[in-house]
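Chains, contacts and geometry: an overview
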Amino acid sequence: MRGPTSRPWRRRHLGTEADRATFRTLHQASLASPALRAGLTADSAQRSIRHLRSLLGTPALAITDPVSVLAWDGAGQHHADRVPRLVAATTEAGGTRSFERADLPCTEPGCPVRTAIASPLVVDERIVGSLLAFAPYPTAGLARATDEVAAWVSSQLELAELDASRTRLMEAEVRALRAQISPHFIYNSLGAIASFVRTDPDRARELLLEFADFTRYSFRRHGEYTTLAEELRSIERYLLLEQARFGDRLQVTLSIAPEVLPVAVPFLCIQPLVENAVRHGLEGSDAGGRIQITASDRGRECVIEVEDDGIGEDPDRVRRALAGEPDLDAVGLGNVDARLRNAYGDEHGLVVETAPGAGTRVVVRVPKFAPGVQV
């Protein structure tokens, strides 16, 4: 009897040539995209131009800003000094232009850079640069391809501008939040510290150090995100200072799952909720009250809850505060809600449960991992 035989391994069919060409195109685009998403700079142009030239299959390619060459890839770089004239003509035309041999005179034998197709790069209806494809002779196919690649590059630069605008907006929101928090808290904290200077100097010194650490964290200028551990550490300092002011009237309970401490959260997104609990929950109550802060692991999410047993609030007033009415948003609930939605999507906005005389509970759901979110 003959034993089992093995068939020789054969490479699987990888699709048609059209399939492979599509894959190559998408692959080159994916390689160019990360650099372009940083905006149009000499560095991003240099890192993306080789992949863009592979897309077009031209002997040379140039990327420019409105006046000068940012990057050149391929042959014929001795023509770079003529590019500003081509860019000016392209900007004036406001669309893709073809340039003939007369526009690129050359004495070097065999130079493949004899004609050019130039397409503007447009962001927010502004021409921010140009993409120039060079070839021995012009073709309608190259003109269409250059126009399409320039449109794709423009879309990536548009996304980069949106990212930059989003970052500027987030920074402005954090600055606004600092302005809302700082005056009230600083005056009360310094008053509480001053009350211990004579009666308990050691405690006054400890509170002053806590105050310094708290303000250093709150007014830091780097990073859109922080870890939950850092945010909670700042909250503990805040509560120590408030307990110095309220004494036994303020009772605090923390229940934090250790596994969620490294989770990245938007900077100053939990602290305002705690301040809201102190200000709106306890300051109006002669008997004081209790604040409970919990952070739990819920699979793909970290769920943070801040609850007080204070005087509560009118739900309609809370809805208006979350909608951004500045006169009602004394400690930035709308600010925090907007930043959470911007970072994670609308489904991750604040959930506020409250009613007059029933206390307040605020719930924050934060994904453990989210694209673009890192400390």
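This section reports on the structure supplied with the text. (Residues numbered from 1 in each chain as written. Predicted model: local features only at pLDDT ≥ 70, side-chain atom pairs only at ≥ 80, totals over all residues. Heavy atoms only, no water.)

**Quick word on the packing of aromatic side chains**
Two numbers describe a pair of aromatic rings. These are the distance of the centres and the angle of the planes. Counted by the stated rule, this structure contains two aromatic pairs. Ring plane angle 20° and centroid distance 4.8 Å describe the contact between tryptophan 72 and phenylalanine 134, whose orientation is recorded as stacked. Of this pair, tryptophan 72 sits in strand β2 (residues 69-74) while phenylalanine 134 is found in strand β5 (residues 126-135), placing the two residues 62 residues apart along the sequence. Each member of the pair, tryptophan 72 together with phenylalanine 134, is buried. (Phe/Tyr/Trp six-rings, centres within 6.5 Å; stacked < 30°, edge-to-face > 60°. Helix = DSSP H or I, 4+ residues; strand = E, 2+ residues; numbered from the N terminus. Buried < 20%, exposed > 50% of the residue type's maximum accessible area, 1.4 Å probe, protein only.)

**Details of the sheet that holds β5**
As summarised here, the arrangement of the five strands in space is β2-β1-β5-β4-β3, forming an open sheet in which the pairing is antiparallel. Lying at the two open borders of the sheet, with one neighbouring strand each, are β2 and β3 (97-99). The mean inter-strand angle of the sheet, taken between neighbouring strand axes irrespective of direction, is 20°. In the sheet, β3 pairs with strand β4 (residues 115-123) via three bridges, with the strands oriented antiparallel. Across the sheet, residue serine 98 finds its bridge partner in β4, namely isoleucine 117. Across the face of the sheet, helix α2 (residues 42-56) comes into contact with β1 (60-64), β2 and β5 while running at roughly 35° to β2. Packing against the sheet, helix α3 (residues 83-93) makes contact with β1, β2, β3, β4 and β5, and its axis sits at approximately 125° to β5. (Pairing = 2+ DSSP bridges. Axes fitted to C-alpha atoms, helices over the stretch in contact; angles between N-to-C directions. Contact = heavy atoms within 4.5 Å.)

**Let's talk about helix α5 (residues 201-218)**
The end-to-end C-alpha distance of α5, which contains 18 residues, comes to 25 Å, matching closely the 26 Å that a straight helix rising 1.5 Å per residue would cover. Residues of α5 that are buried: Ala204, Leu207, Phe211, Phe214, Thr215, Tyr217 and Ser218. The buried side chains of α5 occupy one side of the element, clustering within an arc of 155° when seen end-on. α5 presents Asp202, Arg205 and Arg216 as exposed residues on the side facing more than 90 degrees away from its buried surface. (Expected span 1.5 Å × (residues − 1). Arc of directions from axis to C-beta.)

**Remarks on the packing of α5 against helix α6 (residues 228-246)**
Helix-helix packing is characterised by the crossing angle of the two axes and by the distance between the axes. In contact at an axis separation of 9 Å, α5 and α6 are set at 140° when each is read in the N-to-C sense. Looking at the two axes, α5 sits oblique to α6. You can see that α5 and α6 cross each other, and the crossing is left-handed. Residues Arg203, Leu207, Glu210, Phe211, Asp213, Phe214, Tyr217 and Ser218 of α5 form the contact with α6, whose participating residues are Glu230, Glu231, Ser234, Arg237, Tyr238, Leu240, Leu241 and Ala244. (Parallel < 35°, antiparallel > 145°, perpendicular 65-115°, else oblique. Left-handed = near helix turned anticlockwise from the far one by under 90°.)

**Some points on the sheet that holds strand β7 (residues 250-256)**
Here we have five strands laid out as an open sheet, ordered β7-β9-β10-β12-β11, and mixed in their pairing. Pairing within the sheet leaves two strands with one partner each, and these edge strands are β7 and β11 (351-354). In this sheet, neighbouring strand axes are inclined to one another by 10° on average, regardless of whether the strands run parallel or antiparallel. Bridge analysis of strand β10 (residues 301-308) against strand β12 (residues 360-367) gives eight bridges, and the strand direction is antiparallel. In the strand pairing of β12, glutamate 301 is matched with proline 367. Each of β7, β9 (289-298) and β10 is contacted by α6, which is oriented at about 165° to β7, the strand it contacts most.

**Notes on the pattern of salt bridges**
Within this structure, the stated rule accounts for 16 salt bridges. Taken together, the salt bridges that share partners define one network made up of Arg298, Glu305, Glu353 and Arg361. (Salt bridge = Lys/Arg side-chain N within 4 Å of Asp/Glu carboxyl O.)

**Focus: the nonpolar core**
Of all hydrophobic cores here, the largest spans 37 residues; its most connected members are Leu228, Ile270, Leu273, Ile304, Tyr344, Leu350 and Val364. When residues of this core are traced back to their parent elements, those giving at least two are α6, β8 (264-266), α7 (271-282), β9, β10, α9 (333-344) and β12. Residue contributions to this core peak at six residues, all from α6. Leaving out residues up to four positions away in the same chain, isoleucine 304 has contacts with Leu228, Ile270, Thr294, Ala295, Val362, Val363, Val364 and Val366. Counting 22 residues, the second largest nonpolar core, distinct from the first, contains Ala32, Ala71, Leu121 and Leu131. (Core = buried A, V, L, I, M, F, W, Y, C linked by side-chain atoms within 4.5 Å.)

**Quick word on α6**
The first and last C-alpha atoms of α6 sit 26 Å apart over 19 residues, in line with the 27 Å expected at 1.5 Å per residue. Regarding α6, the residues found buried are Leu228, Glu231, Leu232, Ser234, Ile235, Arg237, Tyr238, Leu239, Leu241, Glu242, Ala244 and Phe246.

**Quick notes on the side chain of serine 119**
Summarising the element assignment, serine 119 is placed in strand β4. Judged by its relative accessible area of 0%, serine 119 falls in the buried class. One polar contact links serine 119 to threonine 96, side chain to side chain, over a distance of 2.7 Å. The residues touching serine 119, leaving out its near neighbours within four places in the chain, are Thr90, Thr96, Gly129, Ser130, Leu131, Thr146, Asp147 and Ala150. (Polar contact = N/O pair within 3.5 Å; in protein donor to acceptor, adjacent residues only side chain to side chain.)

**Examining the environment of proline 66**
Assignment of secondary structure puts proline 66 in the loop between β1 and β2. For proline 66, a relative accessible area of 44% gives the class partly exposed. With residues up to four places along the chain from it excluded, the contact list for proline 66 reads Val87, Ile127, Val128 and Gly129.

**Describing the pairing of β5**
Two faces belong to every sheet, and in a regular strand the side chains alternate between them. Of all 10 residues that make up β5, eight are buried, and the element is covered over most of its length. Sheet topology note: the β1/β5 ladder contains five bridges and is antiparallel. Paired with threonine 64 across the bridge in β5 is serine 130. For β4 and β5, the ladder comprises nine bridges, and the chain directions are antiparallel. Paired with isoleucine 117 across the bridge in β5 is alanine 133. Between β4 and the antiparallel strand that follows it, β5, lie two residues; aspartate 124 among them carries a positive phi value of about 55°.

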